[in-house]
Amino acid sequence: MYKDITGIKSCTGCMACVDSCNKGAIVITNVGGILYPQIDKDKCVDCGLCKKVCPANHIPKCAKLEETKVYAVWSNNDDIRLNAASGGFCTQMGVEAIERGGYVATVIMKDNRPEYILTNDIEDLLKSSNSKYVQGNPSGIYRKVRDMLKKETEVLFCGLPCYCAALKNFLKKDYPNLTTIELICSAPPSTDAIDITLEQLNATEFIAFRKKIDGNMWGRDYNIVVKKGGDTKTHKKGENIFYNYFASLMTARRSCTNCQFAHMERIADFAAADFHGYRCKGYEKGVSLVIANNHKAIEKLTNSKGLQVIPETWVKALNSNHRLYNGYDFLRHHPAVIFRKKLYKTNIFSKFCLNKGIYRFLWLPFKAITKVVIKFKYKKAIKVVAKLDNI
């Protein structure tokens, strides 16, 4: 199974191993709403390509911190900005790439699951706007990107940090016509969280994970949109259980609660996230935190005509998002996580995920230890970036 490629605690679900196999010897299995690769021993020829491409086994070269620049960014197009989870940076970059004749590798929702597409259609791109808080199946996208790059066509690849690392391993060389954006992420829950939420709300389709109320209210916009019959309904954070599953980390992939890629030195050209706590005129519409990790990225960002770009400091970035310097969460040691295989889909496991009553008290000590770890790593990170910000 996956342990023949990397361990269950390390597998990121990037599925680059699937694309690397020319014998079709790797299939995908669903374990509690989390996807893992499995090797078909009858087809496997022991070439080792799957192990070589795996980002858990081989982390590509990261950016030099002294070459990075931090920015607050948002799209000048209000429709793009308001429909995005933050400031619309990724969508705007995608629009500009397509207008130059390029393609964008991005994620849309299809049949209540995230699905990777490679598109040069702006309408398809706009469907991908807004965050996806669960992992999909990215297999196939790496080959499509490689084939397009070989045609000397511009490609913008948007994905999780481990996916960007996997793409770099898969391609084996740099392409000047490729730009990558890694999304600074937390530990996404199992896709079963979607099904459970739809059942709770008596809905049939999950449309959006974060909807800005009345066109703004960024930062307080953890409202989901679902389809009930022919109508769409918006449910605030307290009215649905999806974010209970997200925050509890009980169904998260093991590698995500000890992420190897959650540090300041990044692999992609850009790193992007919400710029939490950022204040400026009109901030309620959304602001993206963007870190340009090399000269190519800085030039591409500052030359964009569709983006508002404000130079900022690393200190503000670190204050905005702890996943820039910490990928560890002590909740990975919670008994409900350790014995998840036995407890999964039982009533007691659901209560742990909902994190209410006495179950919240059982959750709090693990969260408290995590906060201590974050505080310790924050102090170390601040000392590093103080030199970059000339503090």
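As a starting point, this report considers the structure included with it. This one's a predicted model, so the numbers in the text were calculated from it and none came from an experiment.

## Considerations on the overall build of the protein
Here is step 1 of the chain: Assigned secondary structure in the protein consists of 15 helices and 13 strands.
Here is step 2 of the chain: In terms of overall dimensions, the protein is globule-like: its C-alpha atoms have a radius of gyration of 20 Å, near the 21 Å expected for 391 residues.
Here is step 3 of the chain: Principal axes of the C-alpha set define a box for the protein whose edges measure 55 × 55 × 50 Å.
Here is step 4 of the chain: A separation of at least 24 residues holds for 71% of the contacts in the protein among residues at least 6 apart in sequence.
Here is step 5 of the chain: Carbon and sulfur atoms provide 52% of the accessible area of the protein, an area that totals close to 18,300 Å².

## Brief notes about the sheet that holds strand S13 (residues 307-312)
Here is step 1 of the chain: A sheet is described by the order of its strands in space; here eight strands give the open sequence S5-S4-S6-S7-S11-S12-S3-S13, paired in mixed fashion. Edge positions in the open sheet fall to strand S5 (113-119) and S13, since each of these has one partner strand only. Shown here is a sheet whose adjacent strand axes are inclined to one another by a mean of 30°, direction ignored.
Here is step 2 of the chain: Of the strand pairs in this sheet, strand S4 (residues 103-110) and S5 are connected by seven bridges, and their pairing is antiparallel. Each residue of the ladder has a partner; that of Ile108, found in S5, is Glu115.

## Focus on the sheet that holds strand S10 (residues 231-235)
Here is step 1 of the chain: With antiparallel pairing, three strands are arranged side by side in an open sheet as S8-S9-S10. Each having just a single partner strand, strand S8 (205-208) and S10 make up the two edges of the open sheet. Across the sheet, the mean angle from the axis of one strand to that of its neighbour is 35°, orientation sign disregarded.
Here is step 2 of the chain: As defined by bridge partners, S8 adjoins strand S9 (residues 224-228) across three bridges and the pair is classed as antiparallel. From the neighbouring strand, Glu205 faces S9, where its bridge partner is Lys227.

## Observations concerning the nonpolar core
Here is step 1 of the chain: In terms of nonpolar packing, the biggest core is built from 32 residues, with Ile194, Phe206, Phe209, Phe242, Tyr243 and Met250 touching the most fellow members.
Here is step 2 of the chain: Those elements that place two or more of their residues in this core are helix H8 (192-201), S9, helix H9 (242-248), helix H12 (335-338), helix H14 (347-354) and helix H15 (358-388).
Here is step 3 of the chain: In terms of nonpolar packing, the next biggest core, distinct from the first, is built from 28 residues, Ala16, Leu160, Tyr163 and Leu171 among them.

## Here we look at the state of the cysteines
Here is step 1 of the chain: Taken as a whole, this structure holds zero disulfides when the rule is applied.
Here is step 2 of the chain: With no disulfide partner, Cys54 has as its closest neighbouring cysteine sulfur the one in Cys14, 6.0 Å distant.
Here is step 3 of the chain: A relative accessible area of 9% places Cys54 in the buried class.
Here is step 4 of the chain: Of all cysteine sulfurs in the structure, the one in Cys185 sits closest to Cys162, which takes part in no disulfide; the separation is 6.4 Å.

## Some details on helix H6 (residues 141-150)
Here is step 1 of the chain: When we look at burial in H6, the residues that qualify are Ile141, Tyr142, Val145, Met148 and Leu149. Along the long axis of H6, the arc covered by the buried residues comes to 130°, so they all point the same way.
Here is step 2 of the chain: At its buried positions, H6 is contacted by helix H1 (16-20), S4, S5, strand S6 (155-159), helix H7 (161-171) and strand S7 (178-183).
Here is step 3 of the chain: In the segment just after H6, Glu152 is the residue with positive phi, at about 65°.

## Re unusual backbone geometry
Outside of glycine, negative phi angles account for most residues, and trans bonds account for most peptide bonds.
Here is step 1 of the chain: Positioned with a positive phi, Met15 is a non-glycine residue whose angle comes to about 65°.
Here is step 2 of the chain: Tracing the backbone through its elements, the reader meets Met15 in the segment before H1.

## Details of the pattern of salt bridges
Here is step 1 of the chain: One pass over the full model with this rule turns up twelve salt bridges.
Here is step 2 of the chain: A salt bridge links Glu182 to Arg266; its shortest N-O distance comes to 2.8 Å. Within this pair, whereas Glu182 is found in strand S7, its partner Arg266 is found in the loop between H9 and strand S11 (270-274), the two being separated by 84 residues in sequence.
Here is step 3 of the chain: A relative accessible area of 1% places Glu182 in the buried class.
Here is step 4 of the chain: With a relative accessible area of 2%, Arg266 lands in the buried category.
Here is step 5 of the chain: Taken together, the shared-partner salt bridges in this structure form one network comprising Arg100, Glu154 and Lys300.

## Details of the environment of Cys17
Here is step 1 of the chain: Considering the arrangement of structural elements, one finds Cys17 in helix H1.
Here is step 2 of the chain: Classification of Cys17 by relative accessible area gives buried; the value is 6%.
Here is step 3 of the chain: Once the C-alpha coordinates of Cys17 and Gly327 are considered, the two residues, 310 residues apart in sequence, prove to be 23 Å apart.
Here is step 4 of the chain: Residue contacts for Cys17: discarding those within four places in its chain leaves Ile5, Ile26, Pro37, Cys50 and Val53.

Conventions adopted
Residues numbered from 1 in each chain as written. Predicted model: local features only at pLDDT ≥ 70, side-chain atom pairs only at ≥ 80, totals over all residues. Heavy atoms only, no water. Helix = DSSP H or I, 4+ residues; strand = E, 2+ residues; numbered from the N terminus. Rg over C-alpha atoms; globule rule 2.2 N^0.38 Å. Contact = heavy atoms within 4.5 Å. Areas by Shrake-Rupley, 256 points an atom, 1.4 Å probe, with all protein chains shown as cover. Pairing = 2+ DSSP bridges. Axes fitted to C-alpha atoms, helices over the stretch in contact; angles between N-to-C directions. Core = buried A, V, L, I, M, F, W, Y, C linked by side-chain atoms within 4.5 Å. Buried < 20%, exposed > 50% of the residue type's maximum accessible area, 1.4 Å probe, protein only. Disulfide = S-S within 2.5 Å. Arc of directions from axis to C-beta. Salt bridge = Lys/Arg side-chain N within 4 Å of Asp/Glu carboxyl O.

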